[in-house]
Structures are given as structure tokens and as C-alpha cells.
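# A look at the structure
Residue strings, one per chain:
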Amino acid sequence: MKQLCKHPFNSIQVQNTGEIYCCCCYWTDFYSFGNIFEQSFDEIWNGEKAQAFRKQFFENQYKYCKLDVCDPYVPQNDFEPSLICEYPKQIEFSYDRHCNVRCIFCRNKADKAEEEYNRQKEQKIEENFDRIFTPVLEKAEIVELNSAGELFASKHSTEIVKKIININPNIKFKIISNGILFTKEMTEKLNLTDRLMSVTVSVHAATEKTYNRLVERGNFNAVSENLKFLSDLKKQGKLQNLQLNFVVTSVNYKEMEKFAEDALKIGASPFFINYHRQIESDELEKELDISQVSHKKYNELVKILQNPIFKDENCFVCDYLKNLKPVKKSFFDLFKK
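On a predicted model such as this, the values are computed, not experimentally measured, just so you know.

The secondary structure content of the protein amounts to twelve helices and twelve strands. Here the protein, with 337 residues, has 49% of them falling under the buried criterion. When contacts within the protein are restricted to residue pairs at least 6 apart in sequence, those whose partners lie at least 24 apart make up 70%.

In C-alpha cells, the structure reads:
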């Protein structure tokens, strides 16, 4: 029998506005359980909004979950689902947008006003961190950082790591990074070596040439070297899971097979996800989104996805890409940009 996704019952995601979600806010239609600056954590975690969200899972409705990118039926046997829950075991801090690179499919446009807004919000969280999160972190088992930016490029987030370890020395970390600064020296400096549970590195390319087209101010060689270090940690049993992310675009899709092969060779799990369009009218974004049927290279992508390597038990492809089917196109479609 399939089990319910555990996130609404034992996980939270913290945004810089103070809003509390049960997992990725983009995947749950920004359904907030409450605001940590306006309510106590107890009021939020088992409040009316939290219970209403959990209730829809029992009723098999999933009004707010984006089922094309996330499957709510994930086998989980380490918790007992209930409308009223104990404090979450996993806390995700996903608000620090400091980053040392700019990816063409992410933050390719600088916005100084937005950067200043984010700094003010981060400062507010830092000033209230101990008061708000100490009781929650004391009972937590896992902290996840940082799907919004780059942990190792941010003074704010590195200080938060120190605070978390001081509050709960037994905590384990899940870290999302672009890999450039994820060195052995940095890992040891932050006392993370023996506290890593999983690491996800966003690479998106199998060659330096393609990587440089996607990532401005990146360093493919540094990422490659740091992946060797992380691979060694996994071999030593100090890291449970190493995942390499690949957002599929018209720029990199031809390297999907090589990326999967290279990842599996170092004991990492390649993860392929479709590009998520941000601005409907942006011509660049329309060109990047190869998973759209209207894209001129759509059928090429579908053909690539038939490679047996994508069925490897350690290779993951999001449901949206898995469900792509070839389409017949007219003669005139061949000339569309």
C-alpha cells in the first residue's frame, strides 16, 4: 500500500518573509501554514491552516500540490500521519539568495531593489533566530540549506550553520550547492564533515563548454574537483546521498546521457528536472524550455529520454519529463523558431 508524503507531517520550509511552508513553496502553490513573525510556532504548526492542508492528503485531494513535478505518494514508514503533529524532524531554510554565480535559467537579471529587500529580511531572521527557532531545532534531526542561493558564498548562512550546531550538536545537514566553494577546507571550517546527510550539487552540464553557456561566473574545474571530495566522503560512509541536478534546456539536453554516466561513475545520483518558465513573454525562456511541445527540438528530447540509462535505479527523472510523448509536427513547424 502506498504511503503518504511525510512533509506536511514532519517538515517545514522557512522563507525570508517569515512564511512557513511544509515543503517547496513553488510546489504547494504558496500554501503557507502561517508567519513566524506574527504567530508562535505552536500556533502555526498545528493551527487551522496546517490541519486543513494535512486533511486533504487523507482525502486524496492534493489541491495545492503540483503533481507534475512531485509525487505525494512516496513510501515513508518512519512517521505516523495525523492532523496534530509533534515538532517537525526536518527544517529547511530556503530564503538566503546570496549567490556567487548567475545561471541563465535562474537569476540572469540583477535587481538591486530585490537584493536590498532580501538583506533586510535576512537581518530580521538573524536577529530573531535564537528566540524563534531554538525550541524547534532542539527537537529536529535534519536541517536543509540552501535551495535559494549558495550557502558557502553567504556570511549570513555560514553564521546560521554555526548557530544551528551550537543549538543541536547532533543535527544532520542536507545541503544544496553549486559546488564551486564546497571544498574540504570549507567543510571542515564549518564543522560539517561528520554532520552531512545528503548533498545536492547543481551542475546542469557534462562539459565545461556547455556549463559556461549556462553559468556566468562559474568554475567547472572547481566543481569537478569538489565532486571528487564529496564522492570520497560517500565512499567513506560520511555522506549518505550525493545528487547531481540537471535542469533540462535546449542548451544542454544533448549532454543528458553523458551527465548520467559521469554521475553514476562517482557514486552520485543524477536528477533531471524540466525547465520551469518564469516569464511567459521572455523569448529566451521560451527558447530554453525544450520540454514544451511547441519547441522545435521537443521530439529530440523525447528520443533521448528513451535511453536505458534513465531507467537506472540510481538515476532520477521528474515525472513531467517521464511522461513526455513524441508528437507529429507539420511541415511548417520545421521553420518555427
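Let's pick the thread back up.
So, on to helix H5 (residues 155–167). Given a rise of 1.5 Å per residue, 13 residues ought to cover 18 Å, and the 19 Å separating the end C-alpha atoms of H5 matches this to within 8%. The complete set of buried residues in H5 reads His-156, Ser-157, Thr-158, Ile-160, Val-161, Ile-164, Ile-165 and Ile-167. Between a side-chain oxygen at the N-terminus of H5 and the backbone nitrogen of His-156 the separation is 3.3 Å; the capping residue is Ser-154.

Bringing the environment of Lys-6 into the picture now. Within the secondary structure layout, Lys-6 lies in the segment before helix H1 (7–10). With a relative accessible area of 17%, Lys-6 lands in the buried category. Put simply, Lys-6 and Glu-80 are 74 residues apart on the chain and 8.8 Å apart in space, counted from C-alpha to C-alpha.

What follows deals with the environment of Ser-82. Residue position: Ser-82 is located in the loop between helix H3 (48–58) and strand E4 (90–93). Apart from the residues within four sequence positions on either side, Ser-82 is in contact with Phe-9, Arg-54 and Phe-58. At 3.0 Å, the side chain of Ser-82 and the backbone oxygen of Ile-84 are in polar contact.

Turning our eyes to something else, we now look at the side chain of Glu-144. By the secondary structure assignment, Glu-144 is in strand E6 (residues 142–145). Nearest to the buried, unbridged Glu-144 among oppositely charged side chains is Lys-174, at 5.0 Å. Setting aside chain neighbours within four positions, we find Glu-144 in contact with Gln-90, Ile-91, Glu-92, Phe-93, Lys-174 and Ile-176.

Applying the stated rule across the entire model yields 24 aromatic pairs. Centroid distance Phe-53 to Tyr-64: 6.0 Å. Interplanar angle 20°. Geometry classified as stacked. Highlighted residues: Phe-53 in helix H3 and Tyr-64 in the loop between H3 and E4, separated in sequence by eleven residues. Among the aromatic residues, those joined into a ring-pair cluster are Phe-9, Tyr-31, Phe-33, Phe-41, Trp-45, Phe-53, Phe-57, Phe-58, Tyr-62, Tyr-64 and Tyr-87. Across from the ring centre of Tyr-31, 5.6 Å away, lies the NZ or CZ of Lys-49, which sits over that ring. Just above the ring of Phe-37 sits the side chain of Lys-124; from NZ or CZ to the centre is 4.3 Å.

A few words on the pairing of E6. Two faces, one strand: in a regular strand the side chains alternate between the faces of the sheet. Of the two faces of E6, both are covered, the one formed by Ile-142 and Glu-144 as well as the one formed by Val-143 and Leu-145. Across three bridges, the pairing between E4 and E6 is parallel. Of the residues in E6, the one forming a bridge with Gln-90 is Ile-142. Bridge count for E6 against strand E7 (residues 172–177) is four bridges, and the pairing is parallel. By the bridge assignment, Ile-142 is partnered in E7 with Lys-172. Chirality of the crossover, the property in question, places the unit of E6, H5 and E7 among those that are right-handed.

Looking now at the nonpolar core. If you look at the biggest cluster of nonpolar residues, it comprises 95 residues, and the most contacted ones within it are Phe-93, Phe-173, Met-256 and Phe-272. At seven residues, the largest contribution of residues to this core is made by helix H8 (residues 220–235). Leaving out residues up to four positions away in the same chain, Phe-93 has contacts with Val-14, Phe-129, Phe-133, Leu-137, Val-143, Glu-144, Leu-145, Asn-146 and Ile-164.

Our focus in this paragraph is the pairing of E7. In this structure, E7 lies alongside strand E8 (residues 196–202), joined through five bridges in parallel fashion. By the bridge assignment, Ser-177 is partnered in E8 with Val-201. For the crossover from E7 across helix H6 (residues 184–189) to E8, the handedness is right-handed.

What follows covers helix H9 (residues 256–265). By the burial criterion, the buried members of H9 are Met-256, Phe-259, Ala-260 and Ala-263. Viewed end-on, H9 has its buried residues packed into an arc of 100°, placing them on one side of the element. Contacts from the buried residues of H9 go to strand E10 (241–248), strand E11 (269–274) and helix H11 (298–304). Of the residues flanking the end of H9, it is Gly-267, one or two places downstream, whose phi is positive at about 80°.

Cut-offs used in this document
Residues numbered from 1 in each chain as written. Predicted model: local features only at pLDDT ≥ 70, side-chain atom pairs only at ≥ 80, totals over all residues. Heavy atoms only, no water. Helix = DSSP H or I, 4+ residues; strand = E, 2+ residues; numbered from the N terminus. Buried < 20%, exposed > 50% of the residue type's maximum accessible area, 1.4 Å probe, protein only. Contact = heavy atoms within 4.5 Å. Expected span 1.5 Å × (residues − 1). Polar contact = N/O pair within 3.5 Å; in protein donor to acceptor, adjacent residues only side chain to side chain. Lys, Arg positive; Asp, Glu negative; His and termini not counted. Salt bridge = Lys/Arg side-chain N within 4 Å of Asp/Glu carboxyl O. Phe/Tyr/Trp six-rings, centres within 6.5 Å; stacked < 30°, edge-to-face > 60°. Lys NZ or Arg CZ within 6 Å of the ring centre and 35° of its normal. Pairing = 2+ DSSP bridges. Right-handed = clockwise from strand over helix to strand, strands pointing away. Core = buried A, V, L, I, M, F, W, Y, C linked by side-chain atoms within 4.5 Å. Arc of directions from axis to C-beta.

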